[in-house]
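Residue strings, one per chain:
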Amino acid sequence: MSVLRAPAAVLGNPTEPVDPTAPEILQLAEDLVATMRVSPGCVGLAAPQIGVSAQVFAVDVTGHPKTRTLHGAFVLCNARIVEASQWQKGREGCMSVPDLTGDVKRANRLVVAGYEPGGTEEVEIVTDAFEARAVQHEIDHCAGLLFLDRVAGAHAVYARKVYL
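Definitions and limits used
- For every chain, the first residue of the written sequence is number 1, and numbering continues from 1 onward in sequence order.
- Side-chain atom pairs in this predicted model are given and counted only at pLDDT of 80 or more, local residue features only at pLDDT of at least 70, and totals for whole chains, interfaces and linings cover all residues.
- Excluding hydrogens and water, the side-chain values take into account all heavy atoms of the structure.
- Numbered from the N terminus, helices here are DSSP runs of H or I no shorter than four residues, and strands are runs of E no shorter than two.
- The size measure is the radius of gyration over C-alpha atoms, and the globule rule it meets is 2.2 Å times the number of residues to the 0.38 power.
- Each residue gets one of three labels from its accessible area relative to the maximum for its type: buried under 20%, exposed over 50%, partly exposed in between, using a 1.4 Å probe on protein chains only.
- A pair of strands is considered paired only if DSSP assigns at least 2 bridges between the two.
- Using protein atoms alone on a 1 Å grid, points that fit a 1.4 Å probe yet trap it form a cavity, whereas open point sets bounded by protein on both sides within 12 Å along at least five of seven lines form a pocket; residues with an atom within 4 Å of a point count as lining.
- Grid points are joined across faces, edges and corners, and a volume is the space filled by probe spheres set on the points.
- For this classification, the nonpolar set comprises Ala, Val, Leu, Ile, Met, Phe, Trp, Tyr, Cys and Pro, the charged set comprises Asp, Glu, Lys and Arg, and every other residue, Gly included, is treated as polar.

Peer 1: Which parts of the structure should I look at to understand the overall build of the protein chain?
Peer 2: Per the secondary structure count, the protein chain includes two helices and six strands. When the helices and strands of the protein chain are listed from N to C terminus, the series reads α-β-β-β-β-β-α-β. Over its C-alpha atoms the protein chain spans a radius of gyration of 15 Å, differing by no more than 12% from the 15 Å that the globule rule assigns to 164 residues. Its C-alpha atoms give the protein chain principal-axis dimensions of roughly 45 × 30 × 30 Å. Split into buried and exposed, the 164 residues of the protein chain put 48% on the buried side.

Below, the structure written as C-alpha cells:
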C-alpha cells in the first residue's frame, strides 16, 4: 500500500472505532504489517497513513537499537492509553512527514489496552522506551495527530539527515 504524506486530509482527522472481528479489519491488519515490512526503517504504521480512517495500527520495533521491551510485531484496534509515566523528550520521524524529524515528549512507560484483530477480549500491553514511543505515535495517528502537532515549537523540528 502507498503511505500518504501530510497534508493528506485523512491524516488530520480522528478515526472511528472498529469491529476487530470484521473481515475488512483482518485484511487491514495484514495490509499494515505487509506495508511496514517493505518500508525500510518503519517501526509503526496506522490505518490513516494508508488512507483508511480506522482505529487500527501496527508496531514492530524488532532490531531497533533503542528497543528495551519487545513484543514483536503486533496490531491493535481501538487502542487507548491506560497508564503513562516517566515522560521524556526524544527524536521522532514519520513516513507521512519524510523530510522532517522533531523532539517530542512522550511517556517512557506505557500501559495500553485494545483489541487484536479477530479478538473479542481486550488485551493490555505493558511496554517502555522506544516501543512505548512508537505505540503513542501510532495512537496519535488514529487521533488525527502528527508528531509535528506534539513538538514544543519550530526550534524542535529538524531537516531529516538520513533517509532509510
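Now, onward.
Peer 1: I would appreciate a short explanation of the pairing of strand β3 (residues 74-94) in the present structure.
Peer 2: On a regular strand, each side chain points to the face opposite its neighbour's, so the side chains alternate between the two faces of the sheet. In the sheet, strand β2 (residues 56-59) pairs with β3 via four bridges, with the strands oriented antiparallel. Across the sheet, F57 pairs through a bridge with L76, a residue of β3. Bridging between β3 and strand β4 (residues 97-115) involves 14 bridges; their strand directions are antiparallel. Bridge assignment links E92 to a residue of β4, and that residue is G102.

Peer 1: Explain the layout of surface pockets to me, please; I cannot follow it from the model alone.
Peer 2: Gaps left between atoms are located by rolling a probe of water-molecule size over the structure's atoms. In this structure, the second largest pocket spans a volume of roughly 170 Å³. Lining the second largest pocket are K66, R68, Q88, K89, G90, R91, R106, A107, N108, A129, F130 and R133. Where the lining of the second largest pocket is concerned, the elements lending two or more residues are β3, β4 and α2 (129-142). The element contributing the most residues to the lining of the second largest pocket is β3, with four residues. By residue class, the composition of the lining of the second largest pocket is three nonpolar, three polar and six charged.

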